[in-house]
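Residues per chain are reported as follows:
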Amino acid sequence: MTEATTALTNAPLPVAPGRVSITRAVLRNPLGLSALIILTLIILISVVAPFFAPHSPTEVKIDKILAMPSSDYPLGGDGAGRDVFSRLIWAGQNTLLGALIAVSISLVLGSVAGLVAGYFGKVFDTTFSWAANILMALPAMIVLLALYQTLGGSVYSTMAVFGVMLSPGFFRLVRNQVIAVKNELYVDAARVSGLSDARIISRHILRVVRSPIIIQTAIIGGIAIIIQSGLEFLGLGDPATPTWGGMLQDAFSNIYINPAGILWPGLIIAATVASLVLLGNAIRDELGGPRASAARPRAKPRHGHAHARTQGTEALNPGSGNGPLLRVRDLHVGYGSIENPLTVVRGVSFDVTAGEIVGIVGESGSGKTQTAFSILGLLPRGGRVLSGSIKFRGRDITFAPGNEMQKIRGRDLSYIPQEPMSNLDPSFTIGHQLVEPMQAVFKISKAEARKRSLVLLARVGIADPERTFRSYPHEISGGMAQRVLIAGAVSCGPKLLIADEPTTALDVTVQAEVLDLLRDLQREMGMGIVLVTHNFGVVADLCDRVVVMQNGRVVETNDAETLFSAPSDPYTQALLAATLDDSPPRPPLAVTAAGTSKGKL
Amino acid sequence: MLNFLARRLLSGVVLILVITTITYALIYSNAGNAARNILGESATAADVAAKAKDLGLDRPLHEQYLDWLSNAIHGDLGVSWFTNEPVSNLLANRLPVTLSIVIFAVLVTALVSTVLGVTAAVRRGWLDRLLQVVSVIGFSLPNFWVALVLVVLFAVAVPIFPATGYVPVTESLSGWFLALILPVTALVLGGIASAAQQIRGAVIDVLEMDYVRTLRARGLSSTSVLLKHVLRNAAPPALTVLSLQFIALLGGAVVIERVFAIPGMGTLTINSSLQGDVPALMGVVVALVILVVIVNLVIDLANGWINPKARLQ
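In this report, we go over the structure that sits alongside the text. Nothing here was measured: the structure is a model prediction, and the numbers come from that model.

Some thoughts on the sheet that holds strand 5 (residues 395-396) of chain A
Residues and elements named next belong to chain A.
Consideration 1: Sheet architecture is open: 4 strands sit in the order 2-1-4-5, paired in antiparallel fashion. The open sheet has two edge strands, strand 2 (342-352) and strand 5, and neither has a second partner.
Consideration 2: Strand direction decides the pairing type here: strand 1 (residues 326-335) and strand 4 (residues 383-392), joined by 8 bridges, are antiparallel. From the neighbouring strand, His332 faces strand 4, where its bridge partner is Ser387.
Consideration 3: The sheet strands contacting helix 14 (residues 368-376) are strand 1, strand 2 and strand 4, and the helix crosses strand 1 at an angle near 110°.

Thoughts on the interface of chain A and chain B
Consideration 1: With 60 residues of chain A at the contact, the number on the chain B side is 58 residues.
Consideration 2: Only helix 7 (140-147), helix 10 (197-233), helix 11 (244-253), helix 12 (263-287), helix 15 (402-408), strand 6 (413-416) and helix 16 (430-442) of chain A provide two or more residues apiece to the side of chain A that touches chain B.
Consideration 3: For the side of chain A that touches chain B, a count of residues per class yields 38 nonpolar, 16 polar and 6 charged.

Structural notes on the sheet that holds strand 9 (residues 545-550) of chain A
All names here are of chain A.
Consideration 1: Strand order in the open sheet made by the 6 strands is 6-7-8-3-9-10, with mixed pairing throughout. Both outer strands of the open sheet, strand 6 and strand 10 (553-559), are each paired with one neighbouring strand and no more. Along the sheet, successive strands turn relative to each other by an average axial angle of 20°, direction set aside.
Consideration 2: Taken together, the 5 bridges between strand 3 (residues 357-361) and strand 8 (residues 528-533) define a ladder with parallel strand orientation. Paired with Ile360 across the strands is Val532, a residue of strand 8.
Consideration 3: Of the strands in this sheet, strand 3, strand 6, strand 7 (496-500), strand 8 and strand 9 touch helix 14, which is tilted by about 145° from strand 7.

A closer look at the nonpolar core
Consideration 1: Membership of the largest hydrophobic core comes to 245 residues, with the highest contact counts inside it found for Leu144, Ala224 and Val530 of chain A together with Ala147, Val203 and Val284 of chain B.
Consideration 2: Counting residues per element, this core draws most heavily on helix 10 (residues 222-260) of chain B, at 19 residues.
Consideration 3: Built from parts of two domains, this core gets at least three residues from each of domain 1 (22-290) and domain 2 (313-412 + 494-578) of chain A.

Conventions adopted
Residues numbered from 1 in each chain as written. Chains lettered and ligands numbered in written order. Predicted model: local features only at pLDDT ≥ 70, side-chain atom pairs only at ≥ 80, totals over all residues. Pairing = 2+ DSSP bridges. Helix = DSSP H or I, 4+ residues; strand = E, 2+ residues; numbered from the N terminus. Contact = placed C-beta atoms within 7 Å. Axes fitted to C-alpha atoms, helices over the stretch in contact; angles between N-to-C directions. Nonpolar A, V, L, I, M, F, W, Y, C, P; charged D, E, K, R; others polar. Core = buried A, V, L, I, M, F, W, Y, C linked by C-beta atoms within 7 Å. Buried ≥ 20, exposed ≤ 12 C-beta atoms within 10 Å, placed from the backbone. Domains from an automatic or database assignment.

This is how it looks when you write it as structure tokens:
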């Protein structure tokens with residue numbers, strides 16, 4: 001249950017519905033705030049242009065044709081002798097109005113269609129999605145040009161059609177969000193409790209899609225302004241009406257006489273569009289859009305008393321002359337910033353001698369997988385060894401550079417993952433994924449590597465090696481995939497194999513076979529194995545020694561027999577008590593209840 | 001695979017039919033105006049009616065459309081109302097010009113955005129932030145304005161490149177290349193950074209896959225895993241990004257052609273649009289929809305070749 005709840009709270013929320021106000025989110029973000037100020041200024045000036053502009057947009061002064069800036073014409077005159085500054089101000093309302101038309105139409109059309117398609121599905125979804133795909137497949141500029149005369153030669157009606165062409169952006173967004181929300185538990189609960197569809201849509205769904213819609217609106221607004229300016233630049237629209245695009249057209253026709261004329265209309269378009277985009281980005285960053293939530297490491301440290309009990313580690317280390325195969329001492333692994341890392345492994349120490357199988361046991365989040373990855377030098381991005389040492393065959397590899405580790409991996413140090421299917425590259429055949437590393441490690445020919453791969457596939461119990469060799473990962477079963485991964489892991493004759501929950505994802509019957517295979521291979525090849533697991537059944541089956549971990553610390557290290565017969569740490573005792581495998585049939589209910597409550601710490 | 005191809009082809013044909021039908025209905029429904037446009041304001045109502053009859057505009061719309069369609073299937077897209085040139089000739093002259101610009105631009109976009117996107121995915125840090133900034137700038141600057149600035153800078157102030165014109169590749173390869181440098185630069189600048197960001201996202205998604213770690217655990221270098229496994233698996237989303245870029249570049253080319261006075265589809269579209277040359281506009285739409293269908297088909301085929309699972313679906 002704790003696992004389930006932590007998983008829920010850790011899940012990245014698409015947006016925080018209703019919790020954080022969007023206005024506050026924008027005000028908190030410096031870039032968003034400046035964008036908002038610029039945008040508000042542009043809109044305000046455009047709206048109050050009649051009171052603000054020094055000249056009428058159509059006022060012509062012959063002596064001011066392409067004039068340099070003066071006190072009368074602060075930004076100079078255009079090709080017809082009109083004031084560029086005044087025209088910029090007057091043009092704002094015309095350009096913004098066109099964009100507003102396009103945005104409103106696409107917003108309403110796309111959102112309504114998205115709500116209907118997402119919520120009711122079936123025919124609606126198929127039809128609307130198909131229409132959206134068609135609209136998205138068309139170059140808007142050309143379609144708008146083609147329809148311009150038909151639409152009465154008006155830029156505004158052209159922008160209305162553009163709104164229809166932009167609606168798939170909203171449609172897809174709303175549809176996908178609605179489908180995601182629809183399947184959430186609370187919407188089910190609302191439906192069961194008898195709320196009408198309309199109520200559910202307005203209360204639950206609209207709240208969730210609100211901020212993605214605002215972000216999309218900002219971007220679509222930017223696109224609309226640019227396309228409209230483009231149409232006007234091409235000479236569409238009423239020449240008497242000042243627009244930013246129309247001003248650029250005028251500047252373009254005089255580009256050889258007054259090249260600087262293109263500057264101001266271009267800058268004002270860019271400033272408007274950029275502030276729209278930055279505003280959208282600010283909302284996304286503050287409220288957590290689809291990509292904003294960075295991938296966090298799976299490890300979740302929990303507070304609690306955890307007393308490291310590494311007693312006996314030294315004593316248990318068999319005094320072989322060459323020293324152990326692997327020696328981990330006081331290992332600390334952390335994620336995040338250098339000053340204040342999130343520590344997930346805190347002082348782990350253990351040894352593995354050649355030919356020995358050491359189990360690392362603990363619940364999820366105990367740091368066992370992070371320990372395994374740090375030995376391989378393959379911690380996920382952001383993770384690193386903070387302190388401590390890892391010695392492999394007498395050599396310190398704790399901070400070994402990537403290329404050094406690469407030479408060790410495969411040949412000396414190898415890895416069997418937990419989830420078989422996700423650990424095979426879907427785009428390459430099984431054979432290719434076996435041959436390529438062998439060629440890289442041994443520098444052998446492709447034919448030789450192929451021959452060895454087929455032998456290996458047969459060895460790991462695959463009935464038709466030739467066929468499996470030619471197959472793609474999606475063509476084989478999970479059990480077979482895990483055998484393939486084991487074959488790959490042992491293909492270069494490693495001295496130490498790190499197996500991370502190698503049977504967890506498999507059927508119970510397949511689990512036993514895979515464990516048998518691992519044991520046989522270990523005996524044949526004399527490998528050491530670090531077996532990460534949460535399953536005491538697997539430990540009892542295979543391991544010589546066991547390291548028990550909790551909260552990133554080792555709480556007990558013992559040989560397997562002692563651990564099962566006389567566990568010394570209360571946590572180990574609790575874990576063992578909670579394991580049902582290999583335990584005697586359950587006593588009557590009353591006793592079980594008493595037993596578990598006693599088992600609790 | 002054949003089945004997959006056939007279905008894709010069929011949906012492409014349906015798309016062409018739907019779009020041309022809708023466009024036809026829209027632009028021919030206003031045909032009365034068209035006759036007036038051709039003859040000018042001084043023409044009498046009788047002249048206009050006669051001209052409309054002459055153009056076949058007096059018949060019911062569906063009859064006109066069926067006629068147009070059966071001719072179009074045989075490659076006859078009618079005659080321009082203003083130049084009397086067959087529309088198919090017009091297209092045959094203009095399409096190669098625009099295609100050479102757009103394909104050039106797509107290749108540049110693909111190359112630069114892939115390099116930038118992959119590097120940003122692997123390195124992160126300053127390149128990542130730079131891409132974010134540049135993609136906002138690229139989005140905000142209209143490409144025709146960028147074209148104007150380029151003309152002012154590199155054709156007027158420092159005349160390195162021609163300000164206008166087009167040289168067919170058959171005439172002079174270097175002339176063609178020089179003439180296209182400014183238009184293509186103006187076209188691609190807006191989209192490159194955002195395409196790079198999307199490719200970066202696709203690469204990061206693959207880099208976080210379990211099999212990448214497993215392959216590295218087998219002793220493969222991170223470079224060879226990146227170049228072979230990561231790139232291949234990130235290719236389908238990247239190809240989709242590029243196919244959308246292709247459509248955006250087609251639209252962008254229209255305006256850019258105007259700036260550089262390039263006699264391509266864009267110039268044809270603008271002139272036909274301002275004049276109301278309906279048969280020419282229909283031809284433009286047909287050509288573009290076919291182009292879009294071909295591009296999507298190529299992308300689908302490429303995805304099928306890259307991703308073995310897609311071949312089965």
